[in-house]
Amino acid sequence: MRIAVPNKGRLHDPAMELLEHAGLHAVDGADRKLYADTVDPDVTLLFARAADIPEYVSDGAADVGITGLDQVREADPGNVSDLLDLEFGQCRLVLAAPEDGDIESVADVAGKTVATEFPNVAEQYFEDRDVEVDVVEVSGATELTPHVEMADAIIDITSTGTTLKVNRLAIVDEVLSSSVRLFARDDVADDEKVQQVVMALQSVLSADGKRYLMMNAPEDRLAEVRDVIPGLGGPTVMNVESGENEEDGMVAVHAVVDERDVFETINELKSVGATGILVTEIERLVE
Ligand SMILES: Nc1ncnc2c1ncn2[C@@H]1O[C@H](COP(=O)(O)OP(=O)(O)OP(=O)(O)O)[C@@H](O)[C@H]1O
Ligand SMILES: O=P(O)(O)OC[C@H]1O[C@H](OP(=O)(O)OP(=O)(O)O)[C@H](O)[C@@H]1O
Ligand SMILES: [Mg+2]
């Protein structure tokens with residue numbers, strides 16, 4: 001199975017990191033190459049531009065792809081579907097116009113020119129709202145076009161809003177809320193290998209923001225320990241077969257907790273007699 005991954009840009013590193021955490025390390029130096037093998041002999045990576053990935057998956061050059069929803073919508077290949085929100089690359093496609101101009105709503109754009117790197121998404125957006133607009137495709141620096149009288153408004157990506165602000169543009173409307181997705185060609189979406197990859201990536205996302213707690217706790221205070229731990233189906237309690245713990249009436253307790261609860265949980269655990277509390281990161285959590 002082949003996974004298409006952004007070859008550069010802001011999506012490359014987080015995509016590779018996610019694949020690595022899911023156990024799909026690239027094995028032969030991913031730099032400047034078109035393909036890379038992974039530690040799984042059945043899975044190879046294909047590196048391509050973020051914008052080309054939907055097409056590669058649609059055409060069969062790859063089976064699944066990792067890229068922004070904005071790119072999938074723009075390419076709109078018809079034979080691919082979303083499998084998983086990978087929870088990075090969050091951004092919005094917005095309609096924006098000069099701050100000091102007279103465009104304040106979508107209707108105000110009627111009869112005007114809109115520049116964008118996403119002409120298909122833009123056409124669809126205006127068609128849905130019955131607004132007649134001249135959409136012009138540009139290949140970058142979209143935010144400059146209203147200043148050089150190439151366009152009256154733009155549809156472009158924003159996340160922090162800095163680029164819009166620097167160019168004195170104001171958001172008129174949100175066109176699409178995007179994040180990076182794992183998507184597949186429909187004819188392979190149910191294949192076992194594809195499903196295994198989905199599960200592996202899902203397990204990394206599930207582990208995000210979670211910590212694993214291990215401790216010794218007095219057996220006669222287990223009820224209190226359980227009350228303190230908010231975790232995922234409750235803690236795992238293990239009797240220590242031999243050694244000091246048994247003599248002390250202590251048991252080993254393991255639990256998954258939210259990172260943001262760790263501080264408070266540790267304090268409470270200490271107050272109910274837990275000792276030797278160990279907090280570790282979790283790489284994957286398969287539920
Ligand atoms: N400022 C941003 N914040 C969050 N995500 C973004 C931002 N800009 C782009 N993205 C997401 O990343 C995707 C790829 O953008 P990126 O800038 O990495 O590539 P690109 O500029 O299209 O690449 P190339 O250099 O190959 O033309 C976008 O389609 C979008 O989903
Ligand atoms: O709201 P902001 O945080 O300012 O981000 C928005 C900017 O980020 C992207 O550009 P990028 O940095 O990828 O440069 P590019 O034009 O070279 O793709 C996008 O095209 C916007 O210009
Ligand atoms: Mg960019």
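Since the structure is predicted, the reported quantities are computational estimates derived from the model, not experimental observations. (Residues numbered from 1 in each chain as written. Chains lettered and ligands numbered in written order. Predicted model: local features only at pLDDT ≥ 70, side-chain atom pairs only at ≥ 80, totals over all residues. Heavy atoms only, no water.)

1. Focus: the sheet that holds strand β12 (residues 210–218)
The condition is simple: Here, any two strands with at least 2 DSSP bridges between them count as paired. Only runs of H or I of at least four residues qualify as helices and only runs of E of at least two qualify as strands under DSSP, and these elements are numbered from the N terminus. As a rule, the C-alpha atoms of each element are fitted with a line to give its axis, helices using only the stretch in contact, and angles between N-to-C directions run from 0 to 180 degrees. It only takes one pair of heavy atoms within 4.5 Å for two residues to be counted as in contact.
The four strands lie next to each other as β13-β14-β12-β15, forming an open sheet whose pairing is antiparallel. The strands lining the two open edges of the sheet, one partner per strand, are β13 (236–238) and β15 (275–281). The average angle at which neighbouring strand axes cross in this sheet is 20°, direction not considered. Note that β13 and strand β14 (residues 250–258) share three bridges and pair antiparallel. Within β14, the position partnered with methionine 238 by the bridge is alanine 252. Relative to β15, helix α9 (residues 262–271) is tilted by about 165°, and along the sheet it contacts β12, β14 and β15.

2. Overview of the site of ligand 1
We count it as follows: Nearness is judged by heavy atoms alone; a residue qualifies as near a molecule or strand once a single heavy atom is within 4 Å of it. Distance and chemistry together define a polar contact, namely a pair of N or O atoms within 3.5 Å, with one atom able to donate a hydrogen and the other to accept it when in protein, and with adjacent residues in sequence counting only for side-chain atoms on both sides. Per-residue and other accessible areas were derived by the Shrake-Rupley procedure at a 1.4 Å probe size, with only the shown protein chains allowed to occlude residues.
Inspection of the region around ligand 1 gives 14 residues, with Arg10, Arg49, Asp70, Gln71 and Ser159 positioned closest. Arginine 10 has a polar backbone atom sitting 3.0 Å from an oxygen atom of ligand 1. Measuring from an oxygen atom of ligand 1, one finds a side-chain N or O atom of arginine 49 at 2.8 Å. Burial of ligand 1 by the surrounding chains reaches 76%, relative to a free accessible area of 630 Å².

3. Details of the nonpolar core
Short version of the rule: Buried Ala, Val, Leu, Ile, Met, Phe, Trp, Tyr and Cys residues form a nonpolar core when they are joined through side-chain atoms within 4.5 Å. Exposed residues in this analysis have more than 50% of their type's maximum accessible area, buried residues have under 20%, and partly exposed residues fall in between, with area computed by a 1.4 Å probe over protein chains only.
By size, the foremost hydrophobic cluster in this structure holds 30 residues, and its most contacted members are Ile3, Leu19, Ile66, Leu86 and Leu201. Elements with a minimum of two residues in this core: β1 (2–6), α1 (12–21), β3 (44–48), β4 (64–68), β11 (180–185) and α6 (192–207). With seven residues, the top contributor of residues to this core is α6. Aside from chain neighbours lying at most four places away, what touches leucine 86 is Leu18, Ile66, Val180, Arg181, Leu182, Leu201 and Leu205.

4. Considerations on the packing of α1 against α6
In a pair of packed helices, the angle between the axes and the distance between the axes together describe the arrangement. The criterion, for reference: By definition in this entry, angles of less than 35 degrees are roughly parallel, angles greater than 145 are roughly antiparallel, angles of 65 to 115 are roughly perpendicular, and the rest are oblique. Only Asp, Glu, Lys and Arg are considered charged, only Ala, Val, Leu, Ile, Met, Phe, Trp, Tyr, Cys and Pro nonpolar, and every remaining residue, Gly among them, polar.
Across the interface, α1 lies against α6 with an axial gap of 8 Å and an inter-helix angle of 100°. Between α1 and α6, the angle falls in the class roughly perpendicular. Residue-level contacts link Leu18, Leu19 and His21 of α1 to Leu201, Val204 and Leu205 of α6. Here the residues of the contact of α1 with α6 sort into five nonpolar, one polar and no charged.

5. What about the domain arrangement of the protein?
One widely used convention gives an interface's size as the accessible area the parts lose upon coming together. Inclusion rule: Where a domain begins and ends is set by an automatic assignment or by a domain database.
Once the domains are mapped, the protein shows domain 1 (2–89 + 179–206), domain 2 (91–177) and domain 3 (210–281). Distance between the C-alpha centres of domain 1 and domain 3: 38 Å.

6. Topic: the site of ligand 2
The cut-off we apply is this: Any residue with an atom within 4 Å of a point lines the site, the site being either a cavity, points on a 1 Å grid over the protein atoms alone where a 1.4 Å probe fits but cannot get out, or a pocket, an open set with protein on both sides within 12 Å along at least 5 of 7 lines. For this analysis, a molecule is said to be in a pocket or cavity if more than half of its atoms are within 2 Å of the grid points defining it.
For ligand 2, the full set of nearby residues is Arg10, Glu143, Asp156, Ile157, Thr158, Ser159, Thr160, Gly161, Thr162 and Thr163. Interatomic distance of 2.6 Å between a side-chain N/O atom of arginine 10 and an oxygen atom of ligand 2. Interatomic distance of 2.8 Å between a backbone N/O atom of serine 159 and an oxygen atom of ligand 2. Its atoms largely coinciding with the cavity grid, ligand 2 occupies the largest pocket. Mapped by element, the contributors of at least two residues to the shell around ligand 2 are β9 (153–158) and α5 (162–166).

7. Section: α1
Basically, it comes down to this: Throughout, the arc means the angular range of directions from the helix axis out to the C-beta atoms.
Buried residues of α1: His12, Ala15, Met16, Leu18 and Leu19, and no others. Here the buried residues of α1 occupy an arc of 160° about the axis, which is enough to place them on one side. Of the residues flanking the end of α1, it is glycine 23, one or two places downstream, whose phi is positive at about 90°.

8. Describing the layout of surface pockets
Convention followed: Grid points are joined across faces, edges and corners, and a volume is the space filled by probe spheres set on the points.
Roughly 990 Å³ of volume is contained in the largest pocket. Arg10, Asp70, Gln71, Glu117 and Ile157 are, among the 38 residues lining the largest pocket, the residues nearest its centre. Of all the elements in the fold, those that place two or more residues in the lining of the largest pocket are α3 (69–75), β9 and α5. Classifying every residue of the lining of the largest pocket gives 13 nonpolar, 16 polar and nine charged. A domain-level breakdown of the lining of the largest pocket finds at least three residues from each of domain 1 (2–89 + 179–206) and domain 2 (91–177).

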